[in-house]
Amino acid sequence: MIERKTILYVDDELLNLKLFRLHFSKNFTVLTAETGMEGLDILKLNPNISYVISDLKMISMYGLDFIRLAKVDHPNTKFYITSGNDMNKEIIDALNQKLIVNYFRKPYSIKEIEAALEK
């Protein structure tokens, strides 16, 4: 039996969390968080999380700030960012610094995310 990989999706919009769970729960174990702080708590309780996908712009904590904090205790976890905005210098810098593995433009493509996670 193949073990399902776990994804943590962090986004401050409830609809996005529900849609993400709906789209990806068939092939992955999906955990969700509404804030960066909640995401950090979930990571502490679930060290088996393989992938973390976070929205860039959230009210309580900026997505890249959340990832910087999370990466300290979870250096082997693969982190990704989503945004409704085009690629910008900040995202390019995060990619170049290997803070994130990839960037997904909202509305994201399910196939694009699945392909990136399979790499």
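These remarks concern the structure in this document. Quick caveat: nothing in here was measured; it's all calculated off a predicted structure.

1. Quick word on helix α1 (residues 14-24)
Then comes step 1: Among the residues making up α1, those that are buried are Asn16, Leu17, Phe20 and Phe24. End-on view of α1: buried residues confined to an arc of 100°, all on one side of the axis. Counted as exposed and oriented over 90 degrees from the buried face of α1: Leu15, Lys18 and Leu22.
Then comes step 2: For α1, the secondary structure elements touched by its buried residues are β1 (6-10), β2 (29-33), β3 (49-55) and α5 (110-118).

2. Remarks on the sheet that holds β1
Sheet strands line up and pair through hydrogen bonds in the backbone, either parallel or antiparallel.
Then comes step 1: The strand order β2-β1-β3-β4-β5 describes an open sheet built from five strands, whose pairing is parallel. On the outer flanks of this sheet lie β2 and β5 (102-105), each paired with one strand and no other. Between one strand axis and the next, the sheet turns by 20° as a mean value, whatever way the strands run.
Then comes step 2: Note that strand β4 (residues 78-83) and β5 share four bridges and pair parallel. Along β5, the bridge assignment pairs Ile81 with Tyr103.
Then comes step 3: Contacts between helix α2 (residues 36-45) and the sheet are confined to β1, β2 and β3, with β2 contributing the most and set at about 140° to the helix.

3. Structural notes on the packing of α2 against helix α3 (residues 63-73)
Then comes step 1: Interaxial distance between α2 and α3 falls to 10 Å at its minimum, and their mutual angle equals 20°. The angle between α2 and α3 places the two elements in the roughly parallel class. Once α2 is placed against α3, the crossing between them reads as right-handed. Across the interface between the two elements, Gly36, Gly39, Leu40 and Leu43 from α2 touch Phe66, Leu69 and Ala70 from α3.
Then comes step 2: Its residues placed into classes, the contact of α2 with α3 shows five nonpolar, two polar and no charged.

4. Here's the deal with the side chain of Thr32
Then comes step 1: Assignment of secondary structure puts Thr32 in strand β2.
Then comes step 2: Judged by relative accessible area, Thr32 falls into the buried class, the value being 19%.
Then comes step 3: Within polar-contact distance, the side chain of Thr32 engages the side chain of Arg21 at 3.1 Å.
Then comes step 4: Residues within four places of Thr32 in sequence aside, it is in contact with Leu8, Tyr9, Leu17, Arg21, Glu38 and Ile42.

Rules behind the numbers
Residues numbered from 1 in each chain as written. Predicted model: local features only at pLDDT ≥ 70, side-chain atom pairs only at ≥ 80, totals over all residues. Heavy atoms only, no water. Buried < 20%, exposed > 50% of the residue type's maximum accessible area, 1.4 Å probe, protein only. Helix = DSSP H or I, 4+ residues; strand = E, 2+ residues; numbered from the N terminus. Arc of directions from axis to C-beta. Contact = heavy atoms within 4.5 Å. Pairing = 2+ DSSP bridges. Axes fitted to C-alpha atoms, helices over the stretch in contact; angles between N-to-C directions. Parallel < 35°, antiparallel > 145°, perpendicular 65-115°, else oblique. Left-handed = near helix turned anticlockwise from the far one by under 90°. Nonpolar A, V, L, I, M, F, W, Y, C, P; charged D, E, K, R; others polar. Polar contact = N/O pair within 3.5 Å; in protein donor to acceptor, adjacent residues only side chain to side chain.

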